[in-house]
Amino acid sequence: MFKNPSTKFSKIKGAKILINTENAAVVGLDDKTYSEYLEILQDKKVNRELYDFLTENGFISTFNNFNKNTDVKTAYFHITDRCNLKCRGCYSADERCDKNELPLKDIKKIIFNLKPLNLETIIISGGEPMIRKDLDKILRTIKAELNPENLIVITNGTIHDYDLLKNMAEYVDILSVSLDTYKKDCEAFLREDGIFERIMEFIEKAKDLNINVSILPTINHKNVDFINEYTKLSKKLNTNISFSLFTVRPDKNNKDFVLNVDDLKKVADYYRVNEIEVSDVPLNNSLEGKCNCGSGEHLISVGTDGSLYPCHMLMEDKFKIGNLLEGDALNLLTNNMNREYGVTVDSMDNCQKCEFKYLCGGGCRARAYLITDKITNRDPFCPMYYNFFDEVMNNLIEG
Ligand SMILES: C[S@@+](CC[C@H](N)C(=O)[O-])C[C@H]1O[C@@H](n2cnc3c(N)ncnc32)[C@H](O)[C@@H]1O
Ligand code: SF4
Ligand code: SF4
């Protein structure tokens, strides 16, 4: 019997847990099933049901066939760096992202070179995607060539080109509209004042076109206490909602907006109770095994000039994998020697000894790098994850 190298055994709050960090499967074992598991590893099939479960979920196998294949599911695609707003702390607005955007024929080449990955989700971002007048053609090509289950466009909702919106409608699975304030007469947090009503008008127009809209507030120190107001707004608008967490290296312009430990605990509590969706955090509504955040393994990001990176927040030259104008994504990823980002919890500073490490995966590598300058450091949002897993495991064990 062969044990998958991705099978990890953890003792969490005294409970014995088997975790497959490759496919996310998690199972709790009592003393009896744990000793049966050890016997199965020695080729004694004492418990057929357990044996079947462990083989079906890739914990063990009778063949040593555990080679890791490329399994990228999600790609961010940045189609422009131009933007009509100047949001505080925007990670698309610094020197990493001042490249000339590509003409449609090159965008088509990139789409063709993404084909071998069979992507499930493609997220169109920027800059402001609706600045490009050919956005509808880009989306049509993606649907025709790659046919992802989810084609998501993130927009600031302030460009009211309704002809373009109408032409895009049939290709967009989710239009994710970023929000700053949750009502009209509220001072702006990260964006400019006076845009709330323009965004509301845009959302109504999109809904009239039968586009599935989701709102996307960025939670920071100043609006964290109003997180429930955004959820109420989404109910009123009849849209979905997901959240970004403001992630910046503190400087004099943004230090008052940086989330502190108490804020992070509030988000973790809100997440647990309301099962909200938060981008770039390792929290799930069910326990999932992982040994890192999946940057460059389950997630990739394409820059405006076609450069391929492991993540939308790790788009510096030192993380570049290649360029999609020069080769297909599978080849670039398979032959990539730049593994600067491929670190796991077993080598992350401060995470190695954490009992939740194979559930958390050590948080977000980009956040650790952005804020602390070192990719192997603990993600500074750790208190949020720790608090979440601590409560979830307490509830599970008590329940
Ligand atoms: C970079 S923008 C590009 C798309 C479009 N211009 C928009 O604003 O929706 C994509 C999302 O990233 C979020 N974002 C930008 N900088 C961020 C940061 N430093 N931390 C967290 N989220 C950020 C924005 O609020 C927005 O929801
Ligand atoms: S609208 Fe989007 S891309 Fe433009 S500055 Fe704001 S967050 Fe950045
Ligand atoms: S980030 Fe925090 S909760 Fe997650 S593995 Fe590291 S120490 Fe544990």
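Residues numbered from 1 in each chain as written. Chains lettered and ligands numbered in written order. Predicted model: local features only at pLDDT ≥ 70, side-chain atom pairs only at ≥ 80, totals over all residues.

Break down the sheet that holds strand β14 (residues 307-309) for me, citing the residues and quoting the values.
Strand order in the open sheet formed by 10 strands is β12-β11-β10-β9-β8-β7-β6-β13-β14-β15, with mixed pairing between adjacent strands. In the strand order of this sheet, the two ends are held by β12 (277-278) and β15 (322-323), each with one partner. Lying on the sheet, helix α6 (residues 196-208) is in contact with β9 (174-179) and β10 (213-219); it crosses β9 at an angle near 170°. (Pairing = 2+ DSSP bridges. Helix = DSSP H or I, 4+ residues; strand = E, 2+ residues; numbered from the N terminus. Contact = placed C-beta atoms within 7 Å. Axes fitted to C-alpha atoms, helices over the stretch in contact; angles between N-to-C directions.)

If you had to explain helix α12 (residues 382-398) to someone new, which residues and values would you point to?
The end-to-end C-alpha distance of α12, which contains 17 residues, comes to 24 Å, matching closely the 24 Å that a straight helix rising 1.5 Å per residue would cover. Burial in α12 covers these residues: C382, M384, Y385, F388 and F389. Buried residues of α12, seen end-on, are gathered within an arc of 160° and therefore sit on one face of the element. Within α12, the exposed residues directed more than 90 degrees away from the buried face are N394, N395, I397 and E398. (Expected span 1.5 Å × (residues − 1). Buried ≥ 20, exposed ≤ 12 C-beta atoms within 10 Å, placed from the backbone. Arc of directions from axis to C-beta.)

Go over the environment of F246, please, and point to the residues and values.
In this structure, F246 sits in the loop between β11 (240-245) and α8 (261-274). When sequence neighbours within four positions are dropped, the list of residues in contact with F246 reads G89, T218, I219, N220, F257, V258 and L259.

Describe unusual backbone geometry, naming the residues involved and giving the relevant values.
At N350, a residue that is not glycine, the phi angle is positive and equals roughly 75°. Take N350: it is sitting in the loop between α9 (329-334) and α10 (357-360). Phi at D373 takes a positive value of approximately 75°, unusual for a residue other than glycine. Mapped onto the secondary structure, D373 falls in the loop between α11 (365-372) and α12.

Tell me about the site of ligand 1, residues and numbers included.
Residues in close proximity to ligand 1 total 18 residues, the closest being N156, S178, T218, S244 and T247. Breaking the shell around ligand 1 down by element, the ones donating at least two residues are β8 (150-155) and β10. (Near = placed C-beta within 6 Å.)

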